[in-house]
Amino acid sequence: MKLKFRYIFLALSLAAGTTTAFAATVDDARRLMEDGDPAGAEAALRELIAAEPKNSEADIMLGDCLWQLGRDSEALDAYAEGRRKGDRKGILALANAAVLQYRLDDARQLLEAYRKTLKKGKRQLAPDQSGDIEDRILRTENMLSRVQQIEVVDSVVVDAEDFFKYYRLSPESGSLNEPASVLPDDFPAAEPTVVYEPESRRQMIWAAPDTAGVFRLVSSGALYGDSWEKPVPLGDQLNEGGDANYPFLMPDGITLYYANDGENSLGGYDIFISRCDEDGNFLQPANVGMPYNSPYNDYLLAIDELTGAGWWASDRNRIPGKVTIYLFVPQELRVNVSPDAPDLLARASLSSIRSTWNDGADYRPLLRRIASINPGAARERVVDFRLSVPGRGVLTNYSQLHSPRSRSLMKDYVDTERRFELALERLGELRTAYAKGDRSVSDAILRAEAQIDEARGQLLDMRNEIIRLEQ
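All figures in this text were calculated on a predicted structure; none of them were measured in a lab.

Before going further, it helps to examine the overall build of the protein chain. A tally of regular secondary structure across the protein chain gives 12 helices and 17 strands. Taking 2.2 N^0.38 as the reference for a compact globule, 471 residues should give roughly 23 Å; the C-alpha atoms of the protein chain span a radius of gyration of 29 Å, well beyond that estimate. With the C-alpha coordinates aligned to their principal axes, the bounding extent of the protein chain is approximately 110 × 50 × 45 Å. Excluding contacts between residues fewer than 6 apart, the proportion of contacts in the protein chain whose partners are at least 24 apart in sequence is 57%. On the protein chain, roughly 23000 Å² of surface is accessible, and the fraction owed to carbon and sulfur atoms is 50%.

Now for the sheet that holds strand β12 (residues 286-287). Strand order in the open sheet formed by four strands is β9-β10-β11-β12, and the pairing between neighbours is antiparallel. A strand with exactly one partner marks an edge of an open sheet, and here the two such strands are β9 (244-249) and β12.

A word on the nonpolar core. Membership of the largest hydrophobic core comes to 56 residues, with the highest contact counts inside it found for Phe163, Tyr167, Leu176, Tyr299, Leu300 and Trp312. Per element, the largest residue contribution to this core is six residues, and it comes from strand β15 (residues 322-329). Apart from residues no more than four positions distant in its own chain, tyrosine 167 is found in contact with Leu176, Tyr299, Leu300, Ala302, Trp311, Trp312, Ala313 and Ile325. By size, the runner-up hydrophobic cluster in this structure holds 47 residues, among which are Cys65, Ile91, Tyr114 and Tyr296.

Okay, the pairing of strand β13 (residues 298-304) next. When you tally the buried positions in β13, you get seven out of seven residues, the bulk of the element. As paired strands, β13 and strand β14 (residues 309-314) are joined by five bridges and run antiparallel to one another. Across the sheet, alanine 302 pairs through a bridge with tryptophan 311, a residue of β14. Counted between consecutive antiparallel strands, the loop separating β13 from β14 contains four residues, among which glycine 308 sits at a positive phi close to 80°.

Now for the sheet that holds β15. What the four strands build is an open sheet, ordered β3-β15-β14-β13; its pairing is antiparallel. Two strands lie at the open edges of the sheet, namely β3 (151-159) and β13, each paired on one side alone. Here the strands of the sheet are splayed against their neighbours by 20° on average, with no regard to which way each runs.

Our focus in this paragraph is the environment of isoleucine 273. Looking at where isoleucine 273 falls in the secondary structure, it is placed in strand β11 (residues 270-275). The exposure class of isoleucine 273 is buried, given its relative accessible area of 15%. The contacts of isoleucine 273, once residues within four sequence positions are left out, are Thr255, Leu256, Tyr257, Pro285, Ala286 and Val288.

Conventions adopted
- Residues numbered from 1 in each chain as written.
- Predicted model: local features only at pLDDT ≥ 70, side-chain atom pairs only at ≥ 80, totals over all residues.
- Heavy atoms only, no water.
- Helix = DSSP H or I, 4+ residues; strand = E, 2+ residues; numbered from the N terminus.
- Rg over C-alpha atoms; globule rule 2.2 N^0.38 Å.
- Contact = heavy atoms within 4.5 Å.
- Areas by Shrake-Rupley, 256 points an atom, 1.4 Å probe, with all protein chains shown as cover.
- Pairing = 2+ DSSP bridges.
- Core = buried A, V, L, I, M, F, W, Y, C linked by side-chain atoms within 4.5 Å.
- Buried < 20%, exposed > 50% of the residue type's maximum accessible area, 1.4 Å probe, protein only.
- Axes fitted to C-alpha atoms, helices over the stretch in contact; angles between N-to-C directions.

Keep in mind these values describe shape, not function.
So this is what it looks like as structure tokens:
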């Protein structure tokens, strides 16, 4: 993922050590953090703190390391030590930690305490470096007021590099693929990303960097043979000022789940939902909220309607190089946890999966359905129809139709065409009977011919309308 780790507190640190002798050690620790080695950074910082007991910067950076390693109480102690030594950035670090733990009243109090240190009377002592903490408090508060009540059946910790391979989706729900395995060599792709293909394998959706390096969701449809359309963006509105990645399109061809780390994210990637309108444009996305999302990276929500299982991934447990995949039961209607429920925070943060289970629920049938899926089964591309669209070649599957209106029309067309073919067969039978001397079928032949002529006109009108919508 582009943001393997989001070091929330690293920006709070000062730019250098307190003495020239130990500046390299501070820089080394910072580089180790940036390279994803908080344990190595911890060792370097403890050595520095032993040599320079008054170095508050090292305490705060040590707190960053410990937080990244999931040792929250030790991290809070390190931040508090930096604050005790007179470093106001220690107060900010504690405020950040309070937001991450959903202790919003504590976060507000700490933010107020921090801002009091910036002034002495009317004199401004230092600039306000609290960043977006206040905004994140408000976003978190808003999401805590509408935590969805879901059943999380199980979770598994896997390597972050290829986590999507652990999703077990039925062929009807499509597939998640490595870019190198399915994309043409000249198609750009974000590093990393996942390529989603529907059951038909006639469409691909993935993330690719634009000229500014921003990840945007793009799509390509299969042309006749093994060639593919030039990738086209799904829409700028999906980015919201950040990177868009990890797409999953529901079989309806309308509902899109994906990850975005823009301005409406709690932190890192959040999962969003968008739907396609009748003109084929994706509408303004909405954050799916908690417990799916957290102040860390959450992404690639996929729902398998055949098995009744849903999946998403998160690095909220802060295990270096790992992510946690959650298996849950999707709901048709959203039901939220009461804001006054005593287990609200536990459900929001998923501190206990078992607490999300319904009393007496038996998840074994669901697990058996998932276990019966063969993710390696070969799938042939499905041909639902053949429609020649000028400039786009021959389309053969609903996923290639950009407009929801044309998809609906095509389904009517296919149904009408099926009835048309049956009527032709029936007319042939009537004519055969007439040729053998059965004159009683003459009126039926005339009615069938009239119906077939009418259906032929309907098919032509529908076909022309679909082509018009798709050009």
